[in-house]
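Fold and contact review
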There are 2 protein chains.
Amino acid sequence: MSIDNIRVIMINTSHPGNIGAAARVMKNMGLTRLYLVNPKQFPNAEATAMASGADDLLAQAVVCESFEQALEGCRLVLGSTARERKIQHEFIDARVAGELAITESEKHEVALVFGRERTGLTNEETGLCHKLINIPTNPDYRSLNVASAIQIVSYEVMMSSLSLASMADESESSETQELADYASSEAMERFYNHLEQTLVDIEFLRLQQSPQLMPKLRHIYNRVRLKSEELNILRGILTKTQNLKKHS
Amino acid sequence: MSIDNIRVIMINTSHPGNIGAAARVMKNMGLTRLYLVNPKQFPNAEATAMASGADDLLAQAVVCESFEQALEGCRLVLGSTARERKIQHEFIDARVAGELAITESEKHEVALVFGRERTGLTNEETGLCHKLINIPTNPDYRSLNVASAIQIVSYEVMMSSLSLASMADESESSETQELADYASSEAMERFYNHLEQTLVDIEFLRLQQSPQLMPKLRHIYNRVRLKSEELNILRGILTKTQNLKKHS
């Protein structure tokens, strides 16, 4: 099942009850893989109580020391955020997120990312996301609980999975929409490191003076969703530029 | 607002925490009117704690002695149920329920009805519903919490309300969709010329040998839809690279 290629990542969760509630709503909607980045308390009795029969998801949950570690192997990363950012990301709603996650999970690993209870995702973390999910809420009362956000996105994943299944039933052959060989998150990180180093080498980037430059460049290349072949071309250009500098 | 014509009815709720959680998810999604039919404990401190800022909905909640009383004035009654019934009802999914509720609330009062935590709605109660809402769940783990069910249906009401509002907006103010300051085609052409010249300068590109390179690079940057500011950053990097070469 392609839905098994979808993981939910919770970052730095404070209340173990929210982890349990998240496991429950995930299991309700057919999702099974929970990743926890530095949870405050886990394993925990309150988490197990709130999971209410979804404790198998907690037992299998992967606890990670960094967000990057939790992202390993993922080629589509969707981050959920309530706040608007200065740096413009591509925002999609939960419905589109559900469709994207199901379509792409046919081919590769997909991450759905949820931040801290109070403060959500940091700018650095959203920088690792290809798109941001914005769940519509009452403008006068936006404080969506993290498990509620997971509930809504998981529900949209389930809805999308069902509609895909029913379409597949209708026309068996379907179109096996050609999913490109997208670069992995790790490859993108190596690219950004390479880009940053090159900009330092050619003295374009004085890091202290322009803290916004790398986030802006990330924003450009995250929007493209580079294919592996394209990434190789860009890295080739960077290497050539670096060699030039070395010999100058 | 027509959404104010929609009430949520919870029947015979056992755990006051679920009433509080329901108030919170309702308020998140712009719903305000909560009716409680014979709640086991209400008002209650746990309900208030779980409402977390949505306690105004609890303060205004209408406590009723019978389901019939809670339904007074309603012309569309949608009941949520996990189980299939012997008596054939019309089942709709939560999405259709959200659309129906919003459409009909323009005209009259609508009720969304949720049953007991363990046993849901009785046959007598579903007999008072016009249609039944079935939320899709994992067949191996169907036990959707009552507040989760309210969350999903409320979310669909909100989505439907927004799509109705945006349709109204579109017909009104045409397509003046806030267009970001995207780079013009001419600016993009100047960028491609600059990029090509730089690649020649740094001897990355031997044009005869790789006729496919520029089309591939174009394909990358066309996909991004660069903004003018972003284009300026990229051209700045190219200029810096060219200067480097000149001085080498």
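Residues numbered from 1 in each chain as written. Chains lettered and ligands numbered in written order. Predicted model: local features only at pLDDT ≥ 70, side-chain atom pairs only at ≥ 80, totals over all residues.

1. Overview of the interface of chain A and chain B
Facing 38 residues of chain A, the contacting portion of chain B comprises 37 residues. Elements with a contribution of two residues or more to the side of chain A that touches chain B: α1 (16-28), α7 (146-170), α9 (213-224) and α10 (228-246) of chain A. Looking at the side of chain A that touches chain B element by element, the count peaks at 8 residues for α10 of chain A. Taken together, the residues of the side of chain A that touches chain B break down into 20 nonpolar, 12 polar and 6 charged. (Contact = placed C-beta atoms within 7 Å. Helix = DSSP H or I, 4+ residues; strand = E, 2+ residues; numbered from the N terminus. Nonpolar A, V, L, I, M, F, W, Y, C, P; charged D, E, K, R; others polar.)

2. Comments concerning the sheet that holds strand β2 (residues 33-37) of chain A
Residues and elements named next belong to chain A. Taken in spatial order, the 7 strands make up an open sheet running β3-β2-β1-β6-β4-β7-β5, and their pairing is parallel. Two strands close off the open sheet at either side, each with one partner strand: β3 (62-64) and β5 (91-92). Where β5 lies against strand β7 (residues 131-133), 2 bridges are found, and the strand directions are parallel. If you follow F91 over to β7, its bridge partner there is L132. Contacts from helix α5 (residues 94-105) reach β1 (6-11), β4 (74-80), β5, β6 (109-114) and β7, with the element oriented near 165° to β4. (Pairing = 2+ DSSP bridges. Axes fitted to C-alpha atoms, helices over the stretch in contact; angles between N-to-C directions.)

3. Some points on the domain arrangement of chain A
All names here are of chain A. Its domain assignment divides chain A into domain 1 (2-170) and domain 2 (185-246). Each partner contributes residues to the interface: domain 1 has 13 residues there, and domain 2 has 10 residues. Looking at the side of domain 1 that touches domain 2, the elements that each hand over two or more residues are α4 (67-71) and β4. Of the residues in the side of domain 1 that touches domain 2, the class split is 5 nonpolar, 5 polar and 3 charged. (Domains from an automatic or database assignment.)

4. Description of helix α1 (residues 16-28) of chain B
Residues and elements named next belong to chain B. Between its terminal C-alpha atoms α1 stretches 19 Å, which fits the 18 Å expected from 13 residues at 1.5 Å a residue. Most of α1 sits inside the fold, with 12 of its 13 residues counted as buried. Among the residues of α1, those classed as buried are P16, N18, I19, G20, A21, A22, A23, R24, V25, M26, K27 and N28. Just past α1, the residue G30 takes up positive phi, approximately 85°. (Expected span 1.5 Å × (residues − 1). Buried ≥ 20, exposed ≤ 12 C-beta atoms within 10 Å, placed from the backbone.)

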